[in-house]
Amino acid sequence: MAPLDRKLWRDLRRLWAQVLAIAVVLACGVMVLVLAQGAHRSLLETREAYYERNRFADLFAQATRAPRALLPEIAALPGVAQVEARIAATVLLDMPDMVEPAMARVLSLPPGGAVLNLPVLRQGRLPDPDRPEEVAVSENFAAAHGLVPGDGFRALLDGQIRTLRVTGLLLSPEFIYAFGPDTMMPDDRRFGIVWMGEAAAASAFDLQGAFNDLTLRLAAGADAAPVLAALDRLLEPYGGTGAHGRDRQISHVFLESELSQLEAMAVILPPVFFVISAFLVNMVLGRMIALERPVIGLLKAVGYPTRAIALHYLKLAALVGVAGVALGWAAGILLGQGLTALYAGFFRFPWLIYAPGAAAFAVSGMIGLATTVAGALRGVFAAVRLPPAVAMAPPAPPRFSRGLVDVLGRALALRQTTMMILRSITRWPGRAAVTLFGVVAAVAMLVSTLFTFDAMQAMIDEVFSLGNRQQVTLALARPGGLGAVEEALALPGVLAAEGAFGVPVRISHGSHGRLIALEARPEASALVRVIDAGGRPASLPPDGVVLSEGIARDLGVRPGDRLTVELLAPPREVHDLPVTAVIRQSLGQQIYMAEQALFALMRRPPQVNRLNLLVDPLELPALHAQVKATPGLAGITVWSDVRAKFDATLEQNLSMMTVIYAALGILMTAGVVYNAARIQLAERAHELASLRVLGFSRGEVAYVLVGEIMLLAVAAIPLGWLLGRAVAGVVARGFSTEMVTIPLVILPPTYATAGLIALGAALGAALAVRRRLDAIDIVSALKARE
Amino acid sequence: MSHPRAVFRTEGITKVYDTGAVQVHALRGVDLALNEGELVVLLGASGSGKSTLLNILGGLDRPTAGRVFFRERELTRASEAELTRFRRDHVGFVFQFYNLVPSLTARENVALVTEIARAPLRPEEALARVGLAHRLDHFPAELSGGEQQRVAIARAIAKRPEVLLCDEPTGALDSAAGVQVLEALVAVNEEMGAATAIITHNQATRRIAHRVLVLADGRLVREEVNDTRLAPAEVHW
Ligand SMILES: Nc1ncnc2c1ncn2[C@@H]1O[C@H](COP(=O)(O)OP(=O)(O)OP(=O)(O)O)[C@@H](O)[C@H]1O
Ligand SMILES: [Mg+2]
């Protein structure tokens, strides 16, 4: 082995801990990039493949009752490739293992088999079209109830209680993300999909020869707009509620929203983090090599060409780089698969394609190596430029200058060891800045990820404590008069009841328009309230429409502007209404109007199709039992259950992300601090040993080294908080989607946690170096200078 | 010195460095005493074990065998923490390469020690004793070698040590600066009564001592007592 290579090995053996620490910091950056991109791309590819193979429809429309005779005309519309008409309804189920009713979306299966939205048969067989009691159910619903083919359960179908028998378990591209009305969160126990034969569905819902749900697939390249317009025109006489594309299909929208959050996670944080880690690696490696200055001088003096010397150190840097990149890739792939699987479990995919983009690997690998090599070269060339004699000589004693530190020292009567710390920081501000920046970055990263818990909690509070104070919401199968509210009061345990009326509308302002649900409520509703922009519950203005901040922004309207509102229910009129308020709504999308105002527009007596109830909790079982047997009810939402599910799901989803980022914060802080301390120790061993000669104890000497690091770490924390808050703002915006607005809420415990994690990591790393300091032999350290 | 009382006493100390392949016998059984108020010069060829001996006396190192007493205390039985305490309270060191903390001024370098000592001089006073009253706020890099060494001496004496151990204190200095340093050491020895041991390669320096000890190959080979001492300025280099 050439002498230089032998030196390389010895250096590696000596510096392995530092090399590893730098590699780990780099690995963190590489890992985040690979991880987030990998999960995002995998889910995207999986979804695209699933949609394609199972022919997920492009367009969707609902109606009250449209004759099948209409279908040839629809199929003949230019641009339409395939059409499937179905019967769909939301119903209540009486599951043997549940006190409260469950809900299901019932869908008819065409006798010849589905042509669109092909369900995937996971177990058993499809129901026999000639046996009306046979159904297939969604796999997750079955799993949640332990249902297997052959099992039965009861359903309230259009007012009649029927026993249904399970023949098979299915998954469907229409329900990758499946949840019932109101809940916003998949709950496999309380909501499922039930597929039944077309004839059975037609007779159950009294829709013989008719359909109420339509899905279409467009020919390649066809424009959706004219088809949508034609569908609206054709379905209008039959109670059409507005045709729409995938952008209003609930599962697709939520999936899209999750994917865009993942993408934000892949696009915002990792590059920032990667750049930071690359910068730190570059700085630390440069300093490590600066320590080699005398050796470089010597090598030059004995005649090694600059190239050979540079190559020697490049090998070291490349080793760090390769180790860091490899570690990062491995961790990124591993965690990427984990994260993908986590999401996949949350969504309902029949299979997964793990497709970590090659780009993330290539970019992270190249930049990772480049940073380490550039850092090393910087150090090498700084040393190579010096004449060998100068390089070999011990560096000239550093010149310190008098300044603020002296004033401070005198005023506070600081100890000399403290003065050493302060002078060291002010003499080498760049060096201190790297350590500072390392900790700032880690704290910022922790704040900007941990805050999601606070944001989610704020959102949950807003939805469940401020907004929705009702405990139970009942959905009526058909709208009824205000008498329904009176009837609800007679149900067991009901203390108060309020009605609400939901109707689909098309709203537009200028060129922006969209299909959306409008909900009418009593003006001074006590149970269900909107939250004003200041976060306080508010009552609905007596006239005009109320929009959420998100929708208002999308449409470009403000209070006082006018909005075109097309009611998609009889008498199907278009109105020009003022926007009277803009409210805060983190979750879900709908617009509001006062009950009286809406029914005045519709020129009919007030109606309700939802009932919000305040219930004596002790009477809930009795209420459940009654609801299961009450015809005319299509759904029930128990808000405490929704909240529990919400909490649990968020907990699960956020905790993995949080663990990952907390680990990154720890590794990054520890890596930077460990290296800073090791380098300091190498540079100052002599000075510190001479303190031991003077009779300073190990602890007192360690104070000089550990104290400096911890002072920087402590100073870094508030800066980290500030930066973290700024990044959190970007994250909140990036993560907000059409369905979910992430509020920028950061609570004190989050700041504290981020600070403590970083401090702990810094202290741990500094103490690891202290062990080396303690082990220094005084006599040989003193000799080293000579 | 009618009743010499020993500050240090050693009994047959040996020091063996085990460097794997070879064993280096740096000290091969040294018995000596260093008395109160005494100024001793240690002479000997390079590698004869002078520094090793001084480091052991000062509690920076431990002998392989033998015993070292500081007054009644046996240093060879002291724990790490006790040795630290011992150095802090009783010993002043001066090395060839001053070992000042570069980030602290002259005054602060001395204060470094006075802050942890029991009954120290004021830093200004210690510096005045070595003739540096006018250089209080200079950083080491702003001082000449001789001045730096005198700061080191001021730092060593500021704790009012009972012993002052100096390993080639003039080794890096020219003769004029060397004389100033030796003058400072002699003055401190006389005024403060600290037992002082000075290692030197300069044969002429022997004339300033009360007693001269000569080491060769790890053994004490000769002891001379000076009936008449010279002042440092009278010594010819
Ligand atoms: N850490 C060590 N490991 C191995 N051998 C050592 C070590 N320290 C000193 N020695 C050896 O011990 C012997 C005595 O060394 P010491 O430093 O005491 O000599 P010295 O008399 O002070 O010499 P000089 O006048 O050159 O300073 C020498 O042979 C030296 O090589
Ligand atoms: Mg020596």
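Residues numbered from 1 in each chain as written. Chains lettered and ligands numbered in written order. Predicted model: local features only at pLDDT ≥ 70, side-chain atom pairs only at ≥ 80, totals over all residues. Heavy atoms only, no water.

Student: Would you explain the environment of R14 of chain A in this entry?
Tutor: Topologically, R14 of chain A is positioned in helix α1 (residues 3-53). Setting aside anything within four residues of it in sequence, one finds R14 of chain A in contact with E292 and R678 of chain A. (Helix = DSSP H or I, 4+ residues; strand = E, 2+ residues; numbered from the N terminus. Contact = heavy atoms within 4.5 Å.)

Student: Can you walk me through the site of ligand 1 in this structure?
Tutor: In the region of ligand 1, 15 residues are neighbours, and S46, G47, K50, S51 and T52 of chain B sit closest. One chain alone does not account for the residues near ligand 1; they come from chains A and B. Between an oxygen atom of ligand 1 and a main-chain N or O atom of G49 of chain B, the distance comes to 3.0 Å. In this structure, T52 of chain B approaches ligand 1 through a side-chain N or O atom, which is 2.5 Å from an oxygen atom. Within the complex, 68% of the 640 Å² of free accessible area of ligand 1 lies under protein. Listed by contribution, the elements that provide at least two residues to the shell around ligand 1 are β2 (23-35) and α1 (50-57) of chain B. Along the lines of polarity and charge, the residues of the shell around ligand 1 split into four nonpolar, eight polar and three charged. (Near = heavy atom within 4 Å. Polar contact = N/O pair within 3.5 Å; in protein donor to acceptor, adjacent residues only side chain to side chain. Areas by Shrake-Rupley, 256 points an atom, 1.4 Å probe, with all protein chains shown as cover. Nonpolar A, V, L, I, M, F, W, Y, C, P; charged D, E, K, R; others polar.)

Student: Would you take a moment to explain the sheet that holds strand β1 (residues 6-18) of chain B for this structure?
Tutor: All names here are of chain B. The four strands are arranged β2-β1-β4-β5 in an open sheet whose pairing can be described as antiparallel. At either margin of the open sheet sits one strand with a lone partner, and together these are β2 and β5 (73-74). Relative to β1, α1 is tilted by about 125°, and along the sheet it contacts β1, β2 and β4 (65-70). (Pairing = 2+ DSSP bridges. Axes fitted to C-alpha atoms, helices over the stretch in contact; angles between N-to-C directions.)

Student: Got a minute to help me understand the domain arrangement of chain A in this structure?
Tutor: When the parts come together, some accessible area is lost, and that loss is often what is quoted as the size of the interface. Residues and elements named next belong to chain A. What the domain assignment reports for chain A is domain 1 (1-56 + 249-396), domain 2 (88-206), domain 3 (428-469 + 639-786) and domain 4 (494-615). Domain 1 and domain 2 are separated by 49 Å when their C-alpha centres are compared. Each partner contributes to the interface: domain 1 provides 18 residues, whereas domain 2 provides 20 residues. Contact with domain 2 buries area across many residues of domain 1, yet R55, F254 and R348 alone supply 37% of it, more than any other trio. Linking domain 1 with domain 2 are one salt bridge, by the criterion used here. Here R348 makes a salt bridge to D188, at a shortest N to O gap of 2.6 Å. Counting every contact that joins domain 1 to domain 2 gives twelve residue pairs in polar contact (both at pLDDT 80 or more). Listed by contribution, the elements that provide at least two residues to the side of domain 1 that touches domain 2 are α1 and α6 (250-267). (Domains from an automatic or database assignment. Buried area = accessible area lost by both parts, 1.4 Å probe. Salt bridge = Lys/Arg side-chain N within 4 Å of Asp/Glu carboxyl O.)

Student: Is there a simple way to explain the packing of aromatic side chains in this structure?
Tutor: Applying the stated criterion across every chain, the model contains 16 aromatic pairs over all chains. Seen in terms of ring centroids, Y51 of chain A and F56 of chain A are 4.2 Å apart; in terms of plane orientation they differ by 25°. Their pairing is stacked. You'll find Y51 of chain A and F56 of chain A in the same group, each marked buried. Plain terms: the ring middles of F70 of chain B and F86 of chain B are 4.9 Å apart, the flat faces sit at 70° to each other, and that makes the pair edge-to-face. Remark: F86 of chain B occurs in helix α2 (residues 80-90) and F70 of chain B occurs in strand β4; sequence separation between them is 16 residues. Neither residue differs from the other here; F70 of chain B and F86 of chain B are each classed as buried. Taken together, the aromatic side chains of Y50, Y177, F254, F347, F349 and W351 of chain A make up a single cluster linked through ring pairs. Across from the ring centre of W428 of chain A, 5.0 Å away, lies the NZ or CZ of R427 of chain A, which sits over that ring. (Phe/Tyr/Trp six-rings, centres within 6.5 Å; stacked < 30°, edge-to-face > 60°. Buried < 20%, exposed > 50% of the residue type's maximum accessible area, 1.4 Å probe, protein only. Lys NZ or Arg CZ within 6 Å of the ring centre and 35° of its normal.)

Student: Mind showing me how you'd approach the confidence of the model for chain B here?
Tutor: Residues shown with low pLDDT carry predicted positions that ought not to be read at fine detail. Residue and element names in this part refer to chain B. Chain-level pLDDT for chain B is 86 on average; 97% of the residues reach the 70-or-more range. The spread of mean pLDDT over the elements of chain B runs between helix α6 (residues 175-192), the lowest at 83, and strand β8 (residues 195-199), the highest at 91. Scored as a whole, the predicted complex attains pTM 0.78, and scored at its interfaces, ipTM 0.84. (pLDDT = per-residue confidence, 0-100.)

Student: I keep staring at the interface of chain A and chain B and nothing clicks. Help me out?
Tutor: If you look at the interface, chain A gives 30 residues, while chain B gives 29 residues. For the pair chain A and chain B, the number of links is three salt bridges. Residues R692 of chain A and E80 of chain B are paired through a salt bridge, measuring 3.4 Å at the closest nitrogen-oxygen approach. Taken together, the links from chain A to chain B amount to nine residue pairs in polar contact (both at pLDDT 80 or more). Only α13 (416-427), α19 (639-693), α20 (698-735) and α22 (778-784) of chain A provide two or more residues apiece to the side of chain A that touches chain B. Of the residues contributing to the side of chain A that touches chain B, the split by class is 13 nonpolar, seven polar and ten charged.

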